[in-house]
Structures are given as structure tokens and as C-alpha cells.
Amino acid sequence: MDTDSGQTNPAATPAQGGVFFDGASSRRRLVALKLSDALEIREDGELLARWAYADIRRADSPSGLLRLSCLTAPQLARLEIRDAQLIAALVARCDTLEEGLPNRKGVAAIVGWSLAAAVSIVLVVLFGVPLAADRLTPLVPDSFERRLGDVAEAQVKVLFDGKPCSDAAGQAAFEKLVGKLRESAGLDNSVQSGVLATPVPNAFALPGGKVFLFKGLLEKAENPDEIAGVLAHELGHLRHRDSMRELIHNGGTSFLIGLLFGDITGSGALIFASRSLVTSSYSRDAETNADSFAIETMHKLGRPAKPMGELMFRVTGKEGGKGISIVSSHPLTEDRLARMSKADAASPATGRPLLSPTEWQALKGICAPGKV
């Protein structure tokens with residue numbers, strides 16, 4: 001190795017030199033270094049490169065290794081040095097060695113901006129996305145929402161292995177019940193509904209005007225008012241387009257969270273969106289509004305709303321914590337049941353039963369063996 005004297009040490013070894021990558025190939029070269037008016041890089045006496053000290057910059061490297069690049073060399077060219085004396089001599093000559101690297105102030109600024117970005121994303125998730133969902137939902141074309149509902153319906157039937165129940169008498173009773181609720185709620189006849197032969201005690205709405213009742217919930221019902229109240233609740237979600245709103249909300253939230261943690265492909269958004277469609281998991285406000293819709297719809301028919309709550313509590317007592325059920329997607333508290341009871345007291349049931357005993361029994365048997 002040479003020092004300031006400019007004398008070449010004929011006994012120089014690779015250990016006193018370094019490892020050189022020319023940036024044009026992946027070849028690893030053991031080189032000798034000469035420190036004169038510039039840094040000379042030689043292999044077996046042949047000059048490979050000559051780097052001006054002013055152009056040499058430090059590159060990222062682990063402790064104990066000095067990795068260098070050069071402004072005038074190929075972009076991928078690198079020189080690695082481990083010899084401590086050689087490193088000290090070279091560093092003394094390179095006044096701009098650290099130029100372009102973040103100093104402590106720069107690192108602090110990067111960390112600060114990163115934290116600010118993370119906080120901004122969190123605030124957008126908490127406040128911006130729900131507001132955007134509320135504003136965007138009315139702008140979604142009905143045709144798109146119907147196509148989305150068709151896709152979701154196919155996914156639901158596969159996920160729950162639910163075939164449509166088709167007993168003629170039961171189907172007639174079900175259509176009669178839904179028709180009365182739909183007319184009372186002021187919804188047109190584009191609403192599609194059905195009973196699926198799956199033991200899961202659930203009922204939910206999908207985008208595009210689709211409402212499904214599962215056999216598992218129908219089996220636990222003791223009278224038509226219980227099922228009517230649940231269906232009215234789901235019709236409320238349809239009227240308010242809650243499925244579409246939650247899809248936009250959950251999809252936007254998961255995309256931003258994915259962006260925060262590096263999942264910029266949006267795969268998290270698809271997962272969250274699918275969950276929203278399948279479980280119909282709504283916000284507290286959406287559930288409260290759907291309750292109000294159900295109470296109003298039932299009272300217009302002269303029927304009580306409380307039976308819906310009683311059915312849900314019956315499911316809670318027997319099915320709580322056992323997979324997906326109506327209580328997991330429609331959280332019901334004593335306060336909500338008390339609200340229904342209070343509303344019924346103010347508007348006593350004076351209307352005729354929604355179904356006759358014969359029709360109710362037909363509906364209960366809509367999924368009988370051989371009728372699916």
C-alpha cells in the first residue's frame with residue numbers, strides 16, 4: 001500500500017487492498033489500492049479504475065467494512081475495504097465521503113415524517129374513510145350494485161353450502177310475508193329474497209336488493225312476527241344501502257392499512273370486502289337505523305317489533321360463541337330489546353297476523369327433505 005509519500009509497496013497483498021466490483025459484471029476482484037493524487041485500483045498491476053477523492057462516496061455497509069462508490073464510475077461499481085489503516089488513510093483524503101448520506105438530523109426528519117404519515121393514515125381510516133363511504137354510496141349505479149350482489153350471492157351459497165328451499169306451500173307463505181313487509185316499507189318489487197337450507201342461524205342482506213333467511217334461524221322461530229321482524233331489519237339495511245357502504249368502508253380501510261404495512265397490492269382490501277358481504281357486519285349506527293326501520297315497518301302492519309329481539313336472544317342463549325350466527329353480525333343488547341318493548345307499548349299490536357297457522361307451518365317446512 002502507498003501512503004502520502006507516493007511510494008508503492010511491492011509487498012502489497014489483497015488484505016491491504018480490497019474487493020472491487022466494476023459495475024459491469026458480477027465478478028469479484030481482489031485489488032491493490034494506491035493512494036496518490038487519486039485512488040488507483042489495480043489488479044495484478046493492471047489499472048482498473050482511478051477515482052478522484054472528491055468523487056468518492058460512502059455506500060451502505062456493515063460494521064468493520066468500508067464500502068465505496070464513485071460519482072464518475074458506473075452506478076453499480078463498488079469498492080470494499082476492511083483494512084483499518086487503509087480505511088483511515090483513505091477517509092483522511094476524502095473530504096466529501098459522507099455527502100449524500102442522512103445525518104442525525106436527516107434521520108430524525110425521516111422518522112418524523114414517517115410517523116406523521118402513519119398518524120395521517122390512521123386518522124383517515126377513523127374519520128376520512130367513513131365520510132367518503134357515506135358520500136360515495138349514493139353515487140354507485142344500481143346496475144353495478146346488482147352485479148355485485150349476484151357475485152356475493154354465489155359466494156354465500158358456496159360458503160354455507162346453502163341450496164334454495166323450494167317447497168311450494170312454504171315458498172308461497174314466505175313470498176306473502178316478504179311482500180307484506182316490502183309494501184309496508186315502501187320498497188318496490190325488485191327486492192329478491194329466499195330461504196337457504198343451511199343450519200346456520202342467520203339472515204342478512206346483500207347489495208342489489210337481496211335478502212336471505214337461513215333454515216337454522218327459521219327453525220328457532222316460534223311465530224311469524226319473529227321472522228318478520230328480522231326480515232324487516234334486513235330490508236332496512238337494503239333501504240339504507242348499508243352493504244354497499246360497508247363494502248366501500250372496509251375496502252378503503254384495508255387498502256390504507258395495507259399501504260401502511262407494505263401491502264400495496266390491495267389483497268387485504270379484497271379479504272375485508274369479502275367479509276363485509278358475507279357477514280353483513282354493520283356499524284352501530286347502521287344497526288340502530290335498521291332497528292328503527294324494522295320497528296316502523298312492523299307497526300305499520302299493526303304487529304309488534306319485540307319478537308325479533310326475543311328470537312335473537314333465543315339464538316344468543318343457545319348458539320353464543322358457536323360460529324357465525326345472527327348475533328355475531330347483529331349485536332343485540334338489553335337496551336335494544338328494551339327499546340323495542342317501549343316502542344310496542346306506545347303502539348300496541350292491532351293488526352291481523354301476517355300468516356295463518358297453516359301458512360306458518362308451511363313456512364316452517366319450506367326446507368323439508370326432498371323440498372330443496
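The following paragraphs examine the structure supplied in this document. Everything numeric in this text was worked out from a predicted model, so none of it was measured.

### A closer look at the nonpolar core
In terms of nonpolar packing, the biggest core is built from 44 residues, with Leu 177, Leu 213, Ile 227 and Leu 231 touching the most fellow members. It is helix 6 (residues 224-240) that provides the largest number of residues to this core, a total of seven residues. Excluding its chain neighbours within four sequence positions, the residues that come into contact with Ile 227 are Leu 177, Leu 213, Leu 217, Leu 218, Ala 221, Leu 311 and Trp 360. With 23 residues, the next largest nonpolar core counts Phe 20, Ala 49, Tyr 53 and Leu 90 among its residues.

### Description of the sheet that holds strand 9 (residues 203-206)
An order of 8-10-9 is seen for the three strands of this open sheet, with the pairing classed as mixed. The open sheet is flanked by strand 8 (192-196) and strand 9, the only strands paired with a single partner. Recorded for the sheet is a direction-independent mean angle of 20° between the axes of neighbouring strands. With five bridges connecting them, strand 8 and strand 10 (residues 210-214) associate as parallel partners. Counted as the bridge partner of Val 195 is Leu 213 from strand 10.

### Observations concerning the state of the cysteines
Scanning the model with the defined rule gives one disulfide in all. Across a sulfur-sulfur distance of 1.8 Å, Cys 165 and Cys 367 are joined as a disulfide pair. A torsion of 95° about the S-S bond marks the disulfide between Cys 165 and Cys 367 as right-handed. Separated by 202 residues along the polypeptide, Cys 165 in the loop between helix 3 (142-159) and helix 4 (168-185) and Cys 367 in the segment after helix 13 (357-364) bring together distant segments of the chain. Classification of Cys 165 as buried rests on a relative accessible area of 4%. Judged by its relative accessible area of 13%, Cys 367 is buried. Not engaged in a disulfide, the cysteine Cys 70 finds its nearest cysteine sulfur in Cys 94; these two sulfurs lie 9.4 Å apart. With relative accessibility at 7%, the residue Cys 70 sits in the buried group. The class of Cys 94 is buried, set by a relative accessible area of 5%.

### Details of the sheet that holds strand 6 (residues 66-70)
Taken together, seven strands build an open sheet; the order of strands is 4-3-2-1-7-6-5 and the sheet is antiparallel. Edge positions in the sheet fall to strand 4 (46-51) and strand 5 (56-59), since each has one partner strand and no second. When strand polarity is set aside, the average angle formed by the axes of neighbouring strands in this sheet is 35°. Bridge count between strand 1 (residues 18-21) and strand 2 (residues 29-35): three bridges; the pairing is antiparallel.

### Points about the packing of helix 6 against helix 9 (residues 284-300)
One way to put it is that helix 6 packs onto helix 9 with a least axis distance of 8 Å and a crossing angle of 125°. Looking at the two axes, helix 6 sits oblique to helix 9. As helix 6 packs across helix 9, the resulting crossing turns out to be right-handed. Contacts from Asp 225, Ala 228, Gly 229, Ala 232, His 233, Leu 235, Gly 236, His 237, Arg 239 and His 240 in helix 6 reach Ala 286, Glu 287, Asn 289, Ala 290, Asp 291, Phe 293, Ala 294, Thr 297 and Met 298 in helix 9.

Quick notes on the rules
- Residues numbered from 1 in each chain as written.
- Predicted model: local features only at pLDDT ≥ 70, side-chain atom pairs only at ≥ 80, totals over all residues.
- Heavy atoms only, no water.
- Core = buried A, V, L, I, M, F, W, Y, C linked by side-chain atoms within 4.5 Å.
- Buried < 20%, exposed > 50% of the residue type's maximum accessible area, 1.4 Å probe, protein only.
- Helix = DSSP H or I, 4+ residues; strand = E, 2+ residues; numbered from the N terminus.
- Contact = heavy atoms within 4.5 Å.
- Pairing = 2+ DSSP bridges.
- Axes fitted to C-alpha atoms, helices over the stretch in contact; angles between N-to-C directions.
- Disulfide = S-S within 2.5 Å.
- Parallel < 35°, antiparallel > 145°, perpendicular 65-115°, else oblique.
- Left-handed = near helix turned anticlockwise from the far one by under 90°.

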